[in-house]
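So the chains spell out like this:
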Amino acid sequence: MKINILTLFPEMFDIFNHSIIGKAQDKGLIEIEPINIRDYTLNKHKKVDDYPYGGGAGMVMSAQPVVDSIRACKRNNNGKVIFLGPKGKTFNQKLASELSKEENLIFLCGHYEGIDERAFKEVDMEISLGDFVLTGGEMAAIPVIDSILRLVPGVLNKSESHEDESFSEGLLEYPQYTRPEVFEGESVPEVLMSGHHENIRKWRRLKSLEITRERRPDLYKYVELTKEDKKMLNGKK
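- An unreviewed UniProt entry lists the protein chain under the name tRNA (guanine-N(1)-)-methyltransferase, with Clostridium celatum DSM 1785 as the source organism.
- The annotation that UniProt attaches to the protein chain under Catalytic activity (unreviewed entry) is "guanosine(37) in tRNA + S-adenosyl-L-methionine = N(1)-methylguanosine(37) in tRNA + S-adenosyl-L-homocysteine + H(+)".
- Entered under Sequence similarities (unreviewed entry) in the UniProt record, the comment concerning the protein chain runs "Belongs to the RNA methyltransferase TrmD family."

## Considerations on the state of the cysteines
Part 1 of the argument: Applying the stated rule across the entire model yields zero disulfides.
Part 2 of the argument: No disulfide involves Cys 109; its sulfur sits 12 Å from that of Cys 73, the nearest cysteine.
Part 3 of the argument: Relative accessible area serves as the criterion here: at 0%, Cys 109 is assigned to the buried category.

## Let's talk about the pattern of salt bridges
Part 1 of the argument: Throughout the structure, instances matching the rule amount to nine salt bridges.
Part 2 of the argument: For the salt bridge of Lys 80 with Glu 102, the shortest nitrogen-to-oxygen distance reads 3.4 Å. Of this pair, Lys 80 sits in strand S5 (residues 80-90) while Glu 102 sits in the loop between helix H3 (93-99) and strand S6 (104-109), placing them 22 residues apart in sequence.
Part 3 of the argument: With a relative accessible area of 33%, Lys 80 lands in the partly exposed category.
Part 4 of the argument: What makes Glu 102 partly exposed here is its relative accessible area of 27%.
Part 5 of the argument: For the salt bridge of Arg 201 with Glu 198, the shortest nitrogen-to-oxygen distance reads 2.7 Å. Of this pair, Arg 201 and Glu 198 both sit in helix H6 (residues 197-215), separated by three residues, roughly a single helical turn.
Part 6 of the argument: The partly exposed category is assigned to Arg 201, whose relative accessible area is 37%.
Part 7 of the argument: When salt bridges that share partners are traced, they join Glu 198, Arg 201 and Glu 228 into one network.

## Describing the packing of aromatic side chains
Here the distance between the centres and the angle between the planes together describe a pair of aromatic rings.
Part 1 of the argument: Under the defined criterion, the tally for this structure stands at two aromatic pairs.
Part 2 of the argument: Geometrically, the ring pair formed by Phe 83 and Phe 120 is edge-to-face, given 5.2 Å between the ring centres and 85° between the ring planes. Within this pair, whereas Phe 83 is found in strand S5, its partner Phe 120 is found in the loop between S6 and strand S7 (125-128), the two being separated by 37 residues in sequence.
Part 3 of the argument: For Phe 83, a relative accessible area of 4% translates into the label buried.

## Comments concerning the pairing of strand S1 (residues 2-7)
Part 1 of the argument: Burial analysis of S1 places six of its six residues in the buried class, the great majority of the element.
Part 2 of the argument: With burial as the criterion, each face of S1 is covered, one bearing Lys 2, Asn 4 and Leu 6 and the other bearing Ile 3, Ile 5 and Thr 7.
Part 3 of the argument: Of the strand pairs in this sheet, S1 and strand S2 (residues 31-36) are connected by six bridges, and their pairing is parallel. Its bridge partner being in S2, Asn 4 is matched across the sheet by Glu 33.
Part 4 of the argument: Note on the crossover from S1 through helix H1 (residues 19-26) to S2: the handedness is right-handed.

## Considerations on the sheet that holds S5
In any sheet, the strands associate via hydrogen bonds between backbone groups, in a parallel or an antiparallel arrangement.
Part 1 of the argument: Here we have five strands laid out as an open sheet, ordered S2-S1-S6-S5-S7, and parallel in their pairing. Single-partner strands in this sheet number two, and they are S2 and S7. Between one strand axis and the next, the sheet turns by 35° as a mean value, whatever way the strands run.

Cut-offs and rules
- Residues numbered from 1 in each chain as written.
- Predicted model: local features only at pLDDT ≥ 70, side-chain atom pairs only at ≥ 80, totals over all residues.
- Heavy atoms only, no water.
- UniProt positions renumbered as here; feature names shortened; annotations may be inferred.
- Disulfide = S-S within 2.5 Å.
- Buried < 20%, exposed > 50% of the residue type's maximum accessible area, 1.4 Å probe, protein only.
- Salt bridge = Lys/Arg side-chain N within 4 Å of Asp/Glu carboxyl O.
- Helix = DSSP H or I, 4+ residues; strand = E, 2+ residues; numbered from the N terminus.
- Phe/Tyr/Trp six-rings, centres within 6.5 Å; stacked < 30°, edge-to-face > 60°.
- Pairing = 2+ DSSP bridges.
- Right-handed = clockwise from strand over helix to strand, strands pointing away.
- Axes fitted to C-alpha atoms, helices over the stretch in contact; angles between N-to-C directions.

See the structure below:
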């Protein structure tokens, strides 16, 4: 997968040169290239923003450098253009999974009070992280891109598999333990020490259901409970 990021602060995405995503780039599984929107402004002072028509606080990113940077990027990347903004569809694991199947993507990071409305004609999708405000689209793009790329085949190895993680089946993940067996008087649950794979599977499934029901009832109400799930849950009452 190839990802271009249109931004005023390309250096912020150095984070992707490290850890799992960095290794995946080294292997050639993915390619991430930030592009500085400022390089496409026709303003001799490299200015990319101006005061909003009608008044109001803050500055607005001008349409010209945004549109020209997208069109230039499109010459080598035919992927969807995704804008990180508050009016967009709320990002979740399902959308991450869908986007991970794309071969190319372009992310547009707004700043200040946003971008000139006329630039949206070049945008295919708008994504929001939730009902809160960040200092810029870069801060939203990092977790979105990370969550997409870790689903690309080969990025995670078997020991780092995403299949049992939170939200993979609409459930929160079960509790995890590692050595030592006893820490500050608290022991690892016996079932995890038993080596009985079926009992471990059932325990993990039950814990995921219970934790989701308790902490995220908004997710739990959409879970399709199997007969086994119902039996285990009833057995806990």
